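If you want the building blocks of each chain, they are given just below.
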Amino acid sequence: MEKGESAGNSAGEESPSTDRSRDESRDRTAGRSPIGEPVNRRDYLRAIGATGVAGVVGSLASTTATAQSTLDEAAADERIHENQTGPLTVEVVDQDGTAISGASVDVEMQEHDFVFGTCVNAGALIDQYDDDEHPYRENILELFNTAVLENIHKWAVWEGNQSLADETVDWLAAHDFRIRGHTCIWGVDYTIPGDVQTAIDDGDAATIRERSLQHIEDIITHYGETVQEWDVVNEALHRGIIHDGVYPGQIDLDDLERGEVQPWRSPLLADWHAQAESVIDEHDLDVEICTNDYNTMTWSYARSRYAEQLEFLEGEGLRVDGIGLQAHIGPTIDSGEQWSFDVIDGVFEHYAQFDAAQRITEFDMAGDDWTGHEQRAEVFRQFLKTAYGHPNVDEFVMWGFWDNAHWLDEAPFFEEDWTEKPALDVYRDLVFDEWWTSESGTTDASGTYTVDAFLGDHEVTVTTDEESVTQTVSVTDSSAGQELTVTVAGGETTPTDATAVNAGGEGHESADGVTYVADEGYSTGSTYATSDPITGTDDDILYQSERYGEAFSYEFDLEPGTYDVQLHFAEIFHEADGERVFDVLVDGATAISDLDIHAEVGHDTALVRTVEDVSVADEPLAVSFDAVVDNAKVSAITIVPASTDEESERIELNGYHSQDTTGDGLYNDITGDGRTSFQDVVTFFEHLESETVQSNVEAFDFTGDGQVGFADLIALFEQI
């Protein structure tokens, strides 16, 4: 509740030893269940080595206790590593694509993927403390990535002061916060508009339905995707006032369980949820639908009712993305047992059978039953660790952090004078230290550096003697992790006597001294350009222009000899995999097949592919581009004399130059990038039945059985 409200309007989740009635408790929340994409071949290969954890809970027929769990702190820490970290592999190459060893790599986390949030008092944020240097604003910005408005989005409050709500949302959105919507419907007197309360008193069911359904549409569409999730109905287990106007005589306001109609499994509840789902679908919004209620962690009656509500909505075919658990807690659950890792985990397991994410939505620890702040801090640590590691939990939101802006004047982090409480130390130590990636090292002989990174956004800085390059990468999959290729100056540089053309662009001298002439020597095709910065290069201008078309080519007059043809690409137009696919032919022979730049490196990112050892006699060298999907394209072409350095024999495999890097005669480096990685497994899988592979059994027979097949793919995978 916001400051100034009476406790009778909204109360917190009761401690088992408190004398508050259940209907005095209150709370807020939301949740979602991420929807996966179809599994493709690469996902399948990554999954071969992945382990899965499934927690199956018994029937909810008996819900008087939490599900059994044996989680302790060591197991919680292990589960955090399993579910909240993924391998981040940084590959460092020079402009030729040659691996650079000994490069310094620094990985610094910028933001968690997991939601750590707080409720925000709109009046305090906008009117009272409108200076960004005030501790209230400073700590919101420093400590959290998600916010929910304490009161201003509640029905009557929002209709009465929409401008303050919008100003608060605008401030949060401008600071890149994820925003929870709380709440469309809540059956508490001060949140019910006057005309609706009159309709309730008159038993005017038609008006109640019409006004409430219209409000759900109005508030969701007003904010669109700026608010990413909505509690459609808050506290359906405990609030029957609105229902009483629709089902007169069928609601027992003194004991909702005894009524002919229960609000948590009523047709009206289904109508409200169906309306939210219909509005979101009709307007094609990426917005989640959530439930929210109190006592759902602490009390058996609420756990039982909440399961009934979720089963009811599921049975009605209605979508629930998130299960909100308010968590206004005292030191024990209803049985008198104190909170512990296994008790908390047992509650999460109780709800794990539902296909929705679980979210702590209004956590606080007020009341007189605690022995002090140290006990609160220890329980908070257990809650935070158990929630962060549980595979079904993706949010931990507190109902305020400062006593002076807390509905019971007892927030977890700060006293009224901003004195820090022990729980804040716990939070900082875990969220911004123990669970924060800050690692550094150097690339190995294959040019790679790998670190287990916590899921979220990271800055990767690669430094060589020549330069320093910083890129941002998101790690969002604990199983597959993420691979990042960073191109820097270092290693062998491109000879300055290269023949080079900037396709579709003007002349340019590159950072390594190569002179690119303005676009010439082409046949057909069109040009396109962008001013977007290009990731992975110091020569943005080479990648900001392109020549494209269904079929076009370049010719180069060269002295007879052997050359390496470097092809420069960046996807500056399309923004999704599969929207542009094409082949590259050198002197009529396919050198690169089915190239999808976006699938390789993403949007506005440099990609260099080299076709090695191209023989040139008396005729001009022809480089052709043929579209498979949409148009083919090229950003720049560099042709240099082939290296005369002795190196291991390679096998040409559709534009890749497979090699043996271990000396055992087996070509483990399928892509020819100097290392063995998942990309080699993927490429080997894609070319397993190709003529090149099948005619070089001695190079690809990893099992030694005299033939090349799926077993060799598994054998290569096991090397990783």
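Residues numbered from 1 in each chain as written. Predicted model: local features only at pLDDT ≥ 70, side-chain atom pairs only at ≥ 80, totals over all residues. Heavy atoms only, no water.

A. Examining the overall build of the chain more closely. Secondary structure assignment for the chain yields 20 helices and 31 strands. Put simply, the chain has 720 residues, and 56% of those count as buried. Intrachain contacts of the chain at a sequence separation of at least 6 include 74% that bridge at least 24 residues. Carbon and sulfur atoms make up 42% of the accessible area of the chain, which amounts to about 28,900 Å² in all. (Helix = DSSP H or I, 4+ residues; strand = E, 2+ residues; numbered from the N terminus. Buried < 20%, exposed > 50% of the residue type's maximum accessible area, 1.4 Å probe, protein only. Contact = heavy atoms within 4.5 Å. Areas by Shrake-Rupley, 256 points an atom, 1.4 Å probe, with all protein chains shown as cover.)

B. Summary view of unusual backbone geometry. A cis geometry characterises the amide bond from histidine 182 onward to threonine 183, with omega recorded as 5°. Of note, threonine 183 is situated in strand S5 (residues 178–186). Non-glycine residue asparagine 295 carries a positive phi angle of around 65°. By the element assignment, asparagine 295 lies in the loop between strand S7 (288–293) and helix H11 (300–315). The phi torsion at aspartate 630 lies on the positive side, around 65°, for a residue other than glycine. Summarising the element assignment, aspartate 630 is placed in the loop between strand S27 (621–629) and strand S28 (632–634). According to the relative accessible area criterion, aspartate 630 is partly exposed, its value standing at 40%.

C. View of the sheet that holds S27. The antiparallel open sheet is built from five strands, whose spatial order is S19-S22-S27-S24-S25. One side of each edge strand has no neighbouring strand; the edge strands of this open sheet are strand S19 (522–523) and strand S25 (589–595). Summarising the sheet, S19 and strand S22 (residues 551–556) pair through two bridges and their orientation is antiparallel. Opposite serine 523, over in S22, you have serine 553 as the bridge partner. (Pairing = 2+ DSSP bridges.)

D. Seen up close, a negative patch on the surface. Taken together, the side chains of Asp127, Asp130, Asp131, Glu133, Glu138, Glu142, Glu167 and Asp170 present a region of like negative charge at the surface. Those elements that place two or more of their residues in the negative patch are helix H4 (135–143) and helix H6 (162–174). Relative to the assigned elements, glutamate 167 resides in helix H6. Given a relative accessible area of 44%, glutamate 167 falls into the partly exposed group. (Patch = residues over 30% accessible without salt bridge, like charges linked within 9 Å, V, L, I, M, F, W, Y side chains within 5 Å. Salt bridge = Lys/Arg side-chain N within 4 Å of Asp/Glu carboxyl O. Lys, Arg positive; Asp, Glu negative; His and termini not counted. Charge placed at Lys NZ, Arg CZ, Asp CG, Glu CD.)

E. Up close: the pairing of S27. In the sheet, S22 pairs with S27 via six bridges, with the strands oriented antiparallel. The residue bridging phenylalanine 552 from the neighbouring strand is phenylalanine 625, located in S27. Pairing of strand S24 (residues 581–586) with S27 involves six bridges; the strand directions are antiparallel. Paired with aspartate 583 across the strands is aspartate 626, a residue of S27.

F. Quick look at H4. Three or more residues of H4 are buried, namely Tyr136, Arg137, Asn139, Ile140 and Leu143. Against the buried residues of H4 lie strand S3 (115–120), helix H3 (122–128), H6 and helix H14 (422–434).

G. Quick peek at the sheet that holds strand S1 (residues 85–93). Here we have three strands laid out as an open sheet, ordered S12-S1-S15, and mixed in their pairing. Edge positions in the sheet fall to strand S12 (448–454) and strand S15 (482–487), since each of these pairs with one other strand and no more. Neighbour to neighbour, the strand axes of the sheet diverge by 25° on average, direction disregarded. Relative to S12, S1 runs antiparallel, the two being bridged by seven bridges. Paired with threonine 89 across the bridge in S12 is threonine 450. Here helix H2 (residues 73–84) sits on the sheet and contacts S1 and S12; the angle it forms with S1, its principal contact strand, is near 50°. (Axes fitted to C-alpha atoms, helices over the stretch in contact; angles between N-to-C directions.)

H. Layout of the packing of aromatic side chains. Within the structure shown, the criterion is met by 40 aromatic pairs. Between phenylalanine 116 and tyrosine 388, the ring centres sit 5.8 Å apart and the planes meet at 40°, which makes this aromatic pair tilted. Of this pair, phenylalanine 116 sits in strand S3 while tyrosine 388 sits in helix H13 (residues 373–389), and the two are 272 residues apart along the sequence. Taken as a pair, phenylalanine 116 and tyrosine 388 share a single burial class, namely buried. Ring geometry for phenylalanine 401 versus tryptophan 418: centroids 6.4 Å apart, planes at 40°, classification tilted. A residue pair is termed long-range when its members are at least 10 positions apart, and phenylalanine 401 in the loop between strand S10 (393–398) and H14 and tryptophan 418 in the loop between S10 and H14 qualify at 17 residues. Across the pair, tryptophan 418 and phenylalanine 401 agree in class, each one buried. (Phe/Tyr/Trp six-rings, centres within 6.5 Å; stacked < 30°, edge-to-face > 60°.)

I. Geometry of the nonpolar core. Counting residues in each nonpolar core, the largest one holds 114 residues, and the members touching the most others are Tyr136, Phe380, Phe396 and Phe413. Among all residues touching phenylalanine 380, those that are not within four sequence positions of it are Phe363, Met365, Phe396, Met398, Phe413, Ala423, Val426 and Tyr427. Counting 28 residues, the second-largest nonpolar core is a separate cluster that includes Val501, Phe556, Ala591 and Ile597. (Core = buried A, V, L, I, M, F, W, Y, C linked by side-chain atoms within 4.5 Å.)

J. Up close: H2. Counted at 1.5 Å a residue, the expected span for H2 with its 12 residues is 16 Å, and the 16 Å between its end C-alpha atoms agrees. Of the positions making up H2, those classed as buried are Ala76, Arg79, Ile80, Asn83 and Gln84. Mapping the buried residues of H2 onto a view down its axis gives an arc of 110°, with all of them on the same face. Every exposed residue of H2 that faces more than 90 degrees away from the buried side is listed here: Ala74 and Glu78. Buried residues in H2 make contact with S1, helix H12 (341–351), H13 and S12. (Expected span 1.5 Å × (residues − 1). Arc of directions from axis to C-beta.)

K. Layout of the environment of alanine 307. Following the sequence through the fold, alanine 307 ends up in helix H11. Each C-alpha atom of the pair alanine 307 and histidine 350 lies 8.8 Å from the other, and the pair is 43 residues apart in sequence.

L. Expanded view of the pattern of salt bridges. Going through the model one piece at a time under the given rule, you end up with 36 salt bridges. Glutamate 420 serves as the salt-bridge partner of arginine 428, at 3.1 Å between the closest nitrogen and oxygen. Overall, glutamate 420 belongs to the partly exposed group, its relative accessible area being 42%. Note that arginine 609 is salt-bridged to glutamate 600, the shortest N-O span being 3.6 Å.

M. Here's a closer look at the packing of H4 against H14. Direction vectors running N to C along H4 and H14 enclose 35°, while the axes themselves pass 12 Å from each other. Facing H4, whose interface residues are Asn139, Glu142 and Leu143, H14 presents Leu424, Tyr427, Arg428 and Phe432. Across the contact of H4 with H14, the residue classes break down as four nonpolar, one polar and two charged. (Nonpolar A, V, L, I, M, F, W, Y, C, P; charged D, E, K, R; others polar.)

By themselves, these are just geometric observations and shouldn't be taken as functional.
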